[in-house]
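# Overview (structure and organization)
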Amino acid sequence: MRALTLVADRRLELVDVPPPAAPGPREVQIRIKAVALNHIDLWGFRGMAFAKRKLPLVVGAEASGEIVAVGPDVSEFNSGDRVVMYGALTCGTCQACRQGRDNLCENVQGILGFHLDGFSRELVNMPARLTIPVPGTVSFRDAACAPIAFSTVEHMLFDNAKLEPGETILVHAGGSGIGTVAIMMANAIGCTVITTVGDDAKADKARAIGADHVINYRTDRFEHMVRKITAKKGVDVVFEHVGAETFNGSLLCLKRGGRLVTCGATSGPVTTFNLMQLFQQQYRIFGSFGSSMRNVRDSLAKMANGMLPVIDTEVPIAEFERGLQRLEGRQVFGKVVVNF
Ligand SMILES: [Zn+2]
């Protein structure tokens, strides 16, 4: 069967590999239909010196597929079921797992497609407990955006930042995959959404999916514009993932007691900030990574209710790298999906 593997930094190869064995006890075998790209794919592609992983590695961290075989003791799934897969191999038995805080598993083996072989292959065996059914109305393409893009945002906004209806939120990089999701999720509960984009063509698209105010960060300072838009009050929540370029500006945008939630550092991981400002202004800062299984289910339910991912581009598996280049060049508006 075909598998897309990373053989060295910035070198992908579509290779022929043996198919997996029949699914073992409590496992299902899944035929992959669509893989969605995220920034973690780009980190993996560029190479990360300190990450514990071995090459070659099958890429692809977020995907959907169809069950083609079930192992012994699997009663909750049948062949033909449409599913998505949780993106990390958790243990299922530690306290965090038992409490449904899957992304804090104490014995996690790694992230699929980054530390361990991922989903860009024709067939994969997964533990049934990490497999989640896709509601009938949601396409494979859209469902592929649930396990990371939708779920990460769901976890950031609602579990961590505890975003409430009526609040004001600044969403950075509103054209990115997670940026588009954050705009839609905040808009859906009646928040005022301010977002930043890098060109004017993206501004109209951001408004179309629910942004109330759009700032072009290349022509205006976003801190200044947020102050103006909120009549100097600041926002309740900042949705961060840009990192070094924006972090201090993001803190300045918060009102007293405001919350900043971050899941990324695409412009660089290191910054300095003023601790006096942190405690005097009573800011709350949340680091967020991944999501729980419940977040994935809730994301799929939102899709079934009509909140569909914004798709920037669909590419065939052989053009996975072209998809990554679109992410790297900040060209996207929405998600890049790879069809297997
Ligand atoms: Zn665990």
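Overview of the structure. Only a predicted model underlies this, so the values are computations on that prediction, with no experimental measurement involved. (Residues numbered from 1 in each chain as written. Predicted model: local features only at pLDDT ≥ 70, side-chain atom pairs only at ≥ 80, totals over all residues. Heavy atoms only, no water.)

## A short note on the overall build of the protein
- The secondary structure content of the protein amounts to 11 helices and 16 strands.
- Rg of the C-alpha trace for the protein: 20 Å, near the compact-globule value of 20 Å for 340 residues, within the 12% margin.
- Along the first, second and third principal axes, the C-alpha atoms of the protein reach 60 × 40 × 40 Å.
- Across the 340 residues that make up the protein, the buried fraction comes to 54%.
- For the protein, the share of sequence-separated contacts (at least 6 apart) that also reach a separation of at least 24 residues comes to 70%.
- Charged side chains in the protein number 37 positive and 34 negative. The centres of these two groups are separated by 5 Å. (Helix = DSSP H or I, 4+ residues; strand = E, 2+ residues; numbered from the N terminus. Rg over C-alpha atoms; globule rule 2.2 N^0.38 Å. Buried < 20%, exposed > 50% of the residue type's maximum accessible area, 1.4 Å probe, protein only. Contact = heavy atoms within 4.5 Å. Lys, Arg positive; Asp, Glu negative; His and termini not counted. Charge placed at Lys NZ, Arg CZ, Asp CG, Glu CD.)

## Side note on the layout of surface pockets
- Here the second largest pocket defines a volume of roughly 260 Å³.
- Around the second largest pocket, the lining is made up of 14 residues, and of these Gly264, Ala265, Thr266, Gly268 and Pro269 lie nearest the centre.
- The dominant element in the lining of the second largest pocket, judged by the number of residues it contributes, is helix 1 (residues 39-46), at three residues.
- Of the residues assigned to the lining of the second largest pocket, the class counts are six nonpolar, seven polar and one charged. (1 Å grid on protein atoms, 1.4 Å probe; cavity = no way out; pocket = protein on both sides within 12 Å on 5 of 7 lines; lining within 4 Å. Points joined across faces, edges and corners; volume = space filled by probe spheres on them. Nonpolar A, V, L, I, M, F, W, Y, C, P; charged D, E, K, R; others polar.)

## So, helix 4 (residues 146-160)
- In this model helix 4 runs just 18 Å from its N-terminal to its C-terminal C-alpha over 15 residues, more than 12% under the 21 Å that 1.5 Å per residue would give.
- Of all 15 residues in helix 4, 14 are buried; the element is thus mostly enclosed.
- One or two steps after helix 4, the chain reaches Lys162, where phi turns positive at roughly 50°. (Expected span 1.5 Å × (residues − 1).)

## Re the coordination of the zinc ion
- For the zinc ion, the full set of protein donor atoms is Cys91 (SG), Cys94 (SG), Cys97 (SG) and Cys105 (SG), at a range of 2.3 to 2.4 Å.
- Coordination geometry of the zinc ion: the four donor atoms subtend angles of 102 to 118° at the metal centre, consistent with an arrangement described as tetrahedral.
- Coordination of the zinc ion draws on donor residues from a single chain, spaced C-x2-C-x2-C-x7-C in sequence. (Donors = N, O, S within 2.8 Å, 3.2 Å for Na, K, Ca; no water. Tetrahedral: all angles 85-135°; square planar, octahedral: opposite > 155°, others 65-115°.)

## Observations regarding unusual backbone geometry
- Of the consecutive residues Leu55 and Pro56, the connecting peptide bond is found in the cis state with omega at 0°.
- The phi dihedral of Gln282 is positive, around 55°, even though this residue is not glycine.
- One non-glycine residue, Arg330, lies in the positive phi region at around 55°.
- Among the structural elements, Arg330 can be located in the loop between helix 11 (320-328) and strand 16 (335-339).

## Concerning the nonpolar core
- In terms of nonpolar packing, the biggest core is built from 81 residues, with Ile30, Ile169, Phe239, Leu300 and Phe320 touching the most fellow members.
- Leave out the neighbours within four places in its chain, and Phe239 touches Val153, Met156, Leu157, Ile169, Leu170, Val171, His172, Ile178, Gly179, Ala182 and Val261.
- Ile194, Phe222, Val238 and Leu254 belong to the second largest nonpolar core, which has 14 residues in total. (Core = buried A, V, L, I, M, F, W, Y, C linked by side-chain atoms within 4.5 Å.)

## Observations regarding the pairing of strand 12 (residues 235-240)
- Of all six residues in strand 12, six are buried; the element is thus mostly enclosed.
- Direction of pairing for strand 9 (residues 168-171) relative to strand 12: parallel, over a ladder of three bridges. Across the sheet, Leu170 pairs through a bridge with Val238, a residue of strand 12.
- As paired elements, strand 12 and strand 13 (residues 254-262) share five bridges and run parallel to each other. Looking at strand 13, one finds that Val238 is bridged to Leu260.
- This β-α-β element, strand 12 to helix 8 (residues 247-253) to strand 13, shows right-handed connectivity. (Pairing = 2+ DSSP bridges. Right-handed = clockwise from strand over helix to strand, strands pointing away.)

## Details of the environment of Asp41
- Tracing the chain through its elements places Asp41 in helix 1.
- On the accessibility criterion, Asp41 (6% relative accessible area) is buried.
- Taking the C-alpha atoms as reference, Asp41 lies 9.5 Å from Glu62; in sequence the two are 21 residues apart.
- Those residues in contact with Asp41, other than ones at most four positions away along the chain, are Ala36, Gly60, Ala61 and Leu324.

## Remarks on the packing of aromatic side chains
- Under the criterion given, the structure shown has one aromatic pair.
- With centroids separated by 5.7 Å and ring planes inclined at 45°, the aromatic side chains of Phe247 and Phe273 adopt a geometry described as tilted. Here Phe273 lies in the loop between strand 13 and helix 9 (275-280) and Phe247 lies in helix 8, a separation of 26 residues in the sequence.
- Given the relative accessible area of 10%, Phe247 is considered buried.
- Against the face of Phe114 rests Arg53, its NZ or CZ located 4.9 Å from the ring centre.
- Here the guanidinium or amino end of Arg82 rests over the ring plane of Phe140, the centre of that ring lying 4.9 Å away. (Phe/Tyr/Trp six-rings, centres within 6.5 Å; stacked < 30°, edge-to-face > 60°. Lys NZ or Arg CZ within 6 Å of the ring centre and 35° of its normal.)

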